[in-house]
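A structural walkthrough
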Amino acid sequence: MFAVPDNTVALAEKPVLRHPVRVALEFAADRDRWRRLLRYDPDKRFSALVEARDDEEIWLMGWLPGQQTDLHDHGGSTGAFTVVTGRLSETVARRGVTEVHRLSAGQSRVFGPGYVHQVRNDGPDPAISVHVYRTGGRVMRPYHLDPIDGPVRD
């Protein structure tokens, strides 16, 4: 059993110190926070800023089947995304290696500087995801995939 001394003071949790996956999962579970923002655009993936706070942005994205991002990184930003509904696939590109991760509701991925990826709704249904960006916001720098050199910044 674990005993807590009587003089112990619980300090408030600092949101910026929380792991970005925890933040994404919290927002994904609290649909009242973003339900009014959700849209689906037949021409491109939909995105809306849900909340911006000290060095952190939380974005909502709506994906129709077949919609995707281009190959990109997020500059110096770090963060994570969580699938709320539907299915997404993430292709991660590195020199000599390309990995595909298939994600369903409740699953998350993290990213940091130099992390080059592409996200796509390969499923038959619309998908919703929540994205957390830190230290630089929602920067998207485009890349193309060279068969020999791997991802090359455009």
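Residues numbered from 1 in each chain as written. Predicted model: local features only at pLDDT ≥ 70, side-chain atom pairs only at ≥ 80, totals over all residues. Heavy atoms only, no water.

- The name an unreviewed UniProt entry assigns to the protein chain is Metal-dependent enzyme (Double-stranded beta helix superfamily), from the organism Amycolatopsis viridis.
- UniProt, in its Sequence similarities (unreviewed entry) section for the protein chain, records the words "Belongs to the cysteine dioxygenase family." (UniProt positions renumbered as here; feature names shortened; annotations may be inferred.)

**Some points on helix H1 (residues 20-29)**
- Within the span of H1, buried status applies to Pro20, Val21, Val23, Ala24, Phe27 and Ala28. Buried residues along H1 cover an arc of 160° about the axis, so they all sit on one side.
- Tucked into the core, H1 has its buried residues touching strand S1 (46-53), strand S2 (56-63), strand S4 (78-85), strand S7 (108-111) and strand S9 (127-134). (Buried < 20%, exposed > 50% of the residue type's maximum accessible area, 1.4 Å probe, protein only. Helix = DSSP H or I, 4+ residues; strand = E, 2+ residues; numbered from the N terminus. Arc of directions from axis to C-beta. Contact = heavy atoms within 4.5 Å.)

**Some points on the packing of aromatic side chains**
- Under the criterion given, the structure shown has one aromatic pair.
- Ring centres of Phe111 and Tyr133 lie 5.6 Å apart, and the angle between their planes is 50°; this geometry places the pair in the tilted category. Of this pair, Phe111 sits in strand S7 while Tyr133 sits in strand S9, and the two are 22 residues apart along the sequence. Like Tyr133, Phe111 is buried.
- The lysine or arginine in question, Arg33, covers the ring of Phe27, its NZ or CZ lying 3.8 Å from the ring centre. (Phe/Tyr/Trp six-rings, centres within 6.5 Å; stacked < 30°, edge-to-face > 60°. Lys NZ or Arg CZ within 6 Å of the ring centre and 35° of its normal.)

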